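One-letter residues, chain by chain:
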Amino acid sequence: MSLYADLLEAKRLVGRNEYGQVAGGVKSRLAEPLRRLRVRRTVAAIGAVDDPAARRIADGFRICLRDSFTADQRATFARIAERKSALQNDDSEVTYSFHGPSDEGLTEDVYDGRSSTVTVSEFPHCPSRYGTLLTALLTQYHSPSVVEFGTCLGTSAAYMGAGLDSGHLTTIEAGEPQVRIARETIEKLGLEDRVTVRQGLFQDVLLQDGTAPNFDVAFLDGHHQKDATLEYFDALYEFANEDAIIAFDDVNGYSDGMDEAWAEIRADPRVDLSVLTNRTGFVVVNSAISDPKRFSLPY
């Protein structure tokens, strides 16, 4: 509907004293422009922080807002969408084991011996909105070291691989069928030179075998519980390079526990800058930012 038609309709409703409908219509029409304006202003404020990681986050958002991805990245996105569709329609059954730390700490596995049989179509995937944001973020780096905890079937890893011109992503998953399918995903998308899928427990990688790489960017997307998330943050912090970015999935609206975990993380004195979207949270650590910055935006 055109602006002129909107005004005519508003005039008609006012003539009938239907002011509530007028206000509701205006509010509805303005909601999306106002959301975009808030996002742009917040991104500008993030980019104004005198820090390389803050500028990388801001520029990543700008790429998404302007949809200024490269032709190669767009082609990869199309292949990821095809792969996701195929997996979402795959009704073959797989049996996987549950893994995760107990209240005793990250070195204990509370789910030892538990398993479940599901269809491949039941596994979740990274939404394109947030996957392409990860792509855009990694586009800001030259030869970064990237680590992901929670590969699932490999679609988030594929989005991150699309943002790497060099450098490497190591993505870690405990479940055998997920690892197998994720490796197939990465191979089918031609990203083997950028992405390595490793099978292992998060707690083993981070705390016991000492093989977790020092990273520039980390993405935590597994064991969505408050205490585990806080312990993973503590462990990841020990491997963070200067101006490192740690992204946490499902920290806004997933559960009360994950919301609480995010609140504690962003208030942690080790966090120099934090950015919360409608789903994912980003923090900057080991930076030269002297006054902590906290941002939220409806994205």
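One can find the structure itself at the top, above this paragraph.
Residues numbered from 1 in each chain as written. Predicted model: local features only at pLDDT ≥ 70, side-chain atom pairs only at ≥ 80, totals over all residues. Heavy atoms only, no water.

Asks: I'd love a proper account of the side chain of aspartate 51, names of residues and values included.
Replies: Tracing the sequence through the fold places aspartate 51 in the loop between helix H2 (19-47) and helix H3 (52-66). No salt bridge is formed by the buried aspartate 51; the nearest opposite charge belongs to arginine 55, separated by 6.8 Å. Residues in contact with aspartate 51, not counting those within four places in the same chain, are Asp243, Val284, Ser287, Ala288 and Ile289. (Helix = DSSP H or I, 4+ residues; strand = E, 2+ residues; numbered from the N terminus. Buried < 20%, exposed > 50% of the residue type's maximum accessible area, 1.4 Å probe, protein only. Lys, Arg positive; Asp, Glu negative; His and termini not counted. Salt bridge = Lys/Arg side-chain N within 4 Å of Asp/Glu carboxyl O. Contact = heavy atoms within 4.5 Å.)

Asks: For the packing of aromatic side chains, give the residues involved together with the corresponding values.
Replies: For the coordinates displayed, the defined rule picks out 10 aromatic pairs. When the centroid spacing of 5.0 Å and the interplanar angle of 85 degrees are considered together, the rings of phenylalanine 69 and phenylalanine 77 count as edge-to-face. A relative accessible area of 9% means that phenylalanine 69 is categorised as buried. Ring plane angle 80 degrees and centroid distance 5.4 Å describe the contact between phenylalanine 149 and phenylalanine 202, whose orientation is recorded as edge-to-face. You can see phenylalanine 149 sitting in strand E5 (residues 145-149) and its partner phenylalanine 202 sitting in helix H8 (residues 202-208), a full 53 residues away along the chain. (Phe/Tyr/Trp six-rings, centres within 6.5 Å; stacked < 30°, edge-to-face > 60°.)

Asks: Please give an account of the pairing of strand E11 (residues 281-285) that cites residues and values.
Replies: Successive side chains on a regular strand alternate, one facing one side of the sheet and the next facing the other. Summarising burial for E11: five of the five residues are buried, a large majority. Burial along E11 is two-sided: Gly281, Val283 and Val285 and Phe282 and Val284, pointing in opposite directions, are all buried. In this sheet, E11 lies alongside strand E9 (residues 240-248) in antiparallel orientation, the contact comprising five bridges. Along E11, the bridge assignment pairs isoleucine 246 with valine 283. The pairing of strand E10 (residues 271-276) with E11 spans five bridges and is classified as antiparallel. Residue pairing in the sheet places leucine 273 in a bridge with valine 284 of E11. The turn linking E10 back onto E11 is made up of four residues. (Pairing = 2+ DSSP bridges.)

Asks: Run through the side chain of arginine 83, naming residues and quoting values.
Replies: On the secondary structure map, arginine 83 appears in helix H4 (residues 71-88). By relative accessible area, arginine 83 is classed as buried at 12%. Look past the residues within four positions of arginine 83 in its chain and what remains in contact with it is Ile181, Glu184, Thr185 and Lys188.

Asks: Any details on the nonpolar core? Residues and values, ideally.
Replies: Core analysis: the largest hydrophobic core is formed by 49 residues, its most contacted members being Ile57, Phe61, Ile245, Leu273, Val275, Phe282 and Tyr299. The greatest single-element share of this core, amounting to seven residues, is contributed by H3. Aside from chain neighbours lying at most four places away, what touches isoleucine 57 is Ile46, Leu137, Ile245, Leu273, Val275, Phe282 and Val284. In terms of nonpolar packing, the next biggest core, distinct from the first, is built from 30 residues, Phe202, Ala228, Ala244 and Val285 among them. (Core = buried A, V, L, I, M, F, W, Y, C linked by side-chain atoms within 4.5 Å.)

Asks: Summarise the sheet that holds E11; cite the residues concerned and give the values.
Replies: If you walk across this open sheet you meet the eight strands as E7-E6-E5-E8-E9-E11-E10-E12, and the pairing is mixed. Each edge of the open sheet is held by one strand with a lone partner, namely strand E7 (195-199) and strand E12 (293-296). Sheet twist, expressed as the mean angle between neighbouring strand axes with direction ignored, is 15 degrees. Summarising the sheet, strand E8 (residues 215-220) and E9 pair through five bridges and their orientation is parallel. The residue bridging alanine 218 from the neighbouring strand is isoleucine 246, located in E9. (Axes fitted to C-alpha atoms, helices over the stretch in contact; angles between N-to-C directions.)

Asks: Please provide a residue-by-residue account of H4, values included.
Replies: Over its 18 residues, H4 runs 26 Å from end to end, which matches the ideal 26 Å to within 8%, given 1.5 Å per residue. Looking at the buried residues of H4, the elements they touch are helix H5 (128-139), helix H6 (155-162) and helix H7 (176-188). (Expected span 1.5 Å × (residues − 1).)

Asks: Could you give an account of the environment of lysine 226, naming the residues involved and the relevant values?
Replies: Position of lysine 226 among the secondary structure elements: in helix H9 (residues 226-237). In this structure lysine 226 comes out as partly exposed when scored by relative accessible area, which is 24%. The sequence separation of lysine 226 and glutamate 264 amounts to 38 residues, and the corresponding C-alpha distance is 9.6 Å. With residues up to four places along the chain from it excluded, the contact list for lysine 226 reads Gly257, Met258, Glu260, Ala261 and Glu264.

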